[in-house]
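Examination of the molecular architecture
Below are the chains, spelled out letter by letter.
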Amino acid sequence: MKAIKPLTVATLTAVQTPLANKFYRKYGFRGKAKRHEPCVVVRDEHNAIIACAYLRNYKTINLLAGVAVAPAYQGQGVARLLLNQLVGYFDQRTYTFPYQHLQSLYASLGFALVAPDQQAETVSDIYYRYREQGRPIVMMLYQPRPSRTLG
């Protein structure tokens, strides 16, 4: 694994959101960030976007989506860096549909595997649509960790 040069992580403003979509198109990733949704990027030492993710709101649930890392940076902890920036937006109604092989990464960030057929119709419908497209994904729900109190 090669050494990672200095990276920066930032939440995009509404005006900057098209930069995320340009990143997705450049690398052929599925994803379309919207201006009113939290969107976080990781930039390399040249200020180029190398990773992106956003949180989509569906009224009763939130969906962590569009998590993508440029191929040259995959497997180097960039996704964890990206998701740690977004965790402040997560709550007990935040779902994600990671590829099966990434389940342990998401579990380490506080997501737990859930049964799609036991969730709200809003989220299960989206999940099954993605599965019908042949995506090897699982459904996970964020489980906020209890805060510790001193005493």
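Our subject is the structure listed above.
Please read all numbers here as calculations on a predicted model, not as lab measurements.

1. Considerations on the sheet that holds strand β3 (residues 49-57)
Across the sheet, seven strands lie side by side as β1-β2-β3-β4-β5-β7-β6; this open sheet has mixed pairing. Strand pairing shows two members of the sheet lacking a second neighbour, β1 (8-11) and β6 (111-113), which therefore form its edges. The average undirected angle you get between the axes of adjacent strands in this sheet is 25 degrees. As paired strands, β6 and strand β7 (residues 140-142) are joined by three bridges and run antiparallel to one another. The residue bridging Ala112 from the neighbouring strand is Leu141, located in β7.

2. Notes on the nonpolar core
Here is a general trend for soluble globular proteins: nonpolar side chains tend to be buried in one another's company. One finds Leu64, Tyr95 and Phe97 to be the most contacted residues of the largest nonpolar core, which totals 46 residues. Counting residues per element, the ones that place at least two in this core are α1 (17-27), β2 (39-43), β3, β4 (62-69), α2 (78-86), α3 (103-108), α4 (121-132) and β7. Residue contributions to this core peak at seven residues, all from β3. Leave out the neighbours within four places in its chain, and Phe97 touches Leu63, Val123, Ile126, Tyr127, Tyr130, Ile137, Val138 and Met139.

3. A closer look at α4
The terminal C-alpha atoms of α4 lie 16 Å apart, and with twelve residues this matches the ideal 16 Å at 1.5 Å per residue to within 8%. Looking only at α4, the buried set comprises Val123, Ser124, Ile126 and Tyr127. Relative to the axis of α4, the buried residues are bounded by an arc of 160 degrees and lie together on one face. Opposite the packed face of α4, turned more than 90 degrees from it, sit the exposed residues Glu121 and Glu132. Its buried side turned inward, α4 meets β4 and β5 (94-96). Count one or two residues on from α4 and you reach Gly134, which has phi positive near 90 degrees.

4. Section: unusual backbone geometry
Its identity as a non-glycine residue notwithstanding, Asn47 has a phi of 70 degrees, on the positive side. Inspection of the secondary structure puts Asn47 in the loop between β2 and β3. Positive phi values are uncommon outside glycine, yet Lys59 reaches one of about 70 degrees. Its location among the elements puts Lys59 in the loop between β3 and β4. The class of Lys59 is exposed, set by a relative accessible area of 75%.

Parameters at a glance
Residues numbered from 1 in each chain as written. Predicted model: local features only at pLDDT ≥ 70, side-chain atom pairs only at ≥ 80, totals over all residues. Heavy atoms only, no water. Pairing = 2+ DSSP bridges. Helix = DSSP H or I, 4+ residues; strand = E, 2+ residues; numbered from the N terminus. Axes fitted to C-alpha atoms, helices over the stretch in contact; angles between N-to-C directions. Core = buried A, V, L, I, M, F, W, Y, C linked by side-chain atoms within 4.5 Å. Buried < 20%, exposed > 50% of the residue type's maximum accessible area, 1.4 Å probe, protein only. Contact = heavy atoms within 4.5 Å. Expected span 1.5 Å × (residues − 1). Arc of directions from axis to C-beta.

Remember, this is a structural readout, not a statement about activity or role.
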